[in-house]
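Listed below, chain by chain, are the residues.
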Amino acid sequence: MDPISQAAFGASLSQSFANRSRQMSALVIGALAGMAPDLDIFIRSESDPLLFLEFHRQFTHSLVFIPVGALICAVVFFAFMRSGWIRHKWPNSTLSFAQIYLFSILGYATHGLLDACTSYGTQLFWPFSNQRVAWNVVSIIDPLFTLPVAVFILIAVYRRKPLYARIAFAYAILFLSFGIIQKNRAGEALIDLAQHRGHQIERMHIKPSFGNRHVWKLIYEYDGRFYVDAVRLLWDKEIMTGSSIRKLDVKRDFPWIPAESQQAKDIERFRWFSNDFLAVSAHDESLISDVRYSFIPNRINSMWGIKIKQRFPDDGNFNAHVLYEMKNSLDKKTREQFLDMLFR
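In this text the structure is predicted, and so the values were computed from the model without any measurement.

K.L.:
So what's going on with the nonpolar core? Which residues, and what values?
P.N.:
Generally speaking, a soluble globular protein has its nonpolar side chains buried in company with each other. Judged by nonpolar contacts, the single largest core of 22 residues is most densely connected at F270, I288 and I306. Put simply, the parts of the chain that give this core at least two residues each are α3 (51-55), α10 (262-273), β5 (278-280) and β7 (304-307). In terms of residue count, the dominant contributor to this core is α10 (four residues). Membership of the second largest hydrophobic core comes to 19 residues, among which are A8, A31, I153 and F175.

In structure tokens form, the structure reads like this:
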């Protein structure tokens, strides 16, 4: 999830184990440790655009790395709190290393598990498995998750009562649990829709759309195509039909790419990242899109993809890496369409 959500969730757990006088220290340490695993975003390469996809949410997010990552955080925090400036400004703020490590491990431990609740994919079981765990119960950004948690952890500091931090943590767990209920409802809607069309579902992917809990993206695979729709889940289920697209077949769609070339290898790397929900863009025959993500949940206009060299590259070389393309902003029309789906 976004850094603010990670910080708030990490702080809520660390504060829950702090006494009245340590609420501020627990908030700061838990928040920073809760964000620390995302420092893996600095593992990237200018020559290999897909490297960051392989390492983001990898070892730093693994369950077995939690004690190590927390230890690194604790060492940094301990050294900082022992610095002369801190001791001069806040002479009563000194914590033992054991206390700092406790707050660090509580904050750090929340990060990977919270990320696994989204749809992006988190390698919780690295190095034993490179499976990207994605429970798909909350959007990567959801104000209804973040704001109440943030408010309660701040009240805990202001009132010096860990009870409010525990309320924040309990709220977060209940919010994520409600996502499971909504996901099951969305799954029922998807199955009914496929049956109505006479389709046999081969695979499906269900995820909440951006920043909310009631509009869900529905994807299923049938007979070599992905069918993309959406459902609004309030009291009733309202299907918002979308469209379909042919699933990527490299031999059919890019027969000129040598099987052992870097381009072919990069396609397989992107296939792993996207859980094989790939298709050639309807607007650009050289762009392979991740069908799972779009600004409008019942559309196939992907938010990111990889660009393949054209059939006859000028240099005759397919061993250069693919290009990675990402759409970072919404145009006015798309934004209005999305808001209409949420609030009409």
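What follows continues from the structure just given.
K.L.:
Report on the packing of helix α1 (residues 3-16) against helix α8 (residues 162-197), specifying residues and quantitative values.
P.N.:
Two elements in contact, α1 and α8, have axes whose closest approach is 8 Å; the angle formed by their N-to-C orientations is 135°. Considering the angle they form, α1 stands oblique to α8. For the pair α1 and α8, the crossing hand works out as left-handed. Contacts between α1 and α8 pair F9, S12, L13, Q15 and S16 from the former with P162, A165, R166, A168, F169, A172 and I173 from the latter.

K.L.:
I'd like to hear about the pattern of salt bridges, residue by residue, with values.
P.N.:
Per the stated rule, a full pass over the model turns up 17 salt bridges. For the salt bridge of K247 with D276, the shortest nitrogen-to-oxygen distance reads 3.2 Å. Linking K247 in the loop between β4 (237-246) and α9 (250-253) with D276 in the loop between α10 and β5, this pair joins segments that are 29 residues apart in sequence. Given a relative accessible area of 19%, K247 falls into the buried group. Taking the relative accessible area as the measure of exposure, D276 reaches 19% and is therefore buried. Each of R203, E221, K247, E268, R271 and D276 takes part in a single network of salt bridges with overlapping partners.

Rules of the game
- Residues numbered from 1 in each chain as written.
- Predicted model: local features only at pLDDT ≥ 70, side-chain atom pairs only at ≥ 80, totals over all residues.
- Heavy atoms only, no water.
- Core = buried A, V, L, I, M, F, W, Y, C linked by side-chain atoms within 4.5 Å.
- Buried < 20%, exposed > 50% of the residue type's maximum accessible area, 1.4 Å probe, protein only.
- Helix = DSSP H or I, 4+ residues; strand = E, 2+ residues; numbered from the N terminus.
- Axes fitted to C-alpha atoms, helices over the stretch in contact; angles between N-to-C directions.
- Parallel < 35°, antiparallel > 145°, perpendicular 65-115°, else oblique.
- Left-handed = near helix turned anticlockwise from the far one by under 90°.
- Contact = heavy atoms within 4.5 Å.
- Salt bridge = Lys/Arg side-chain N within 4 Å of Asp/Glu carboxyl O.

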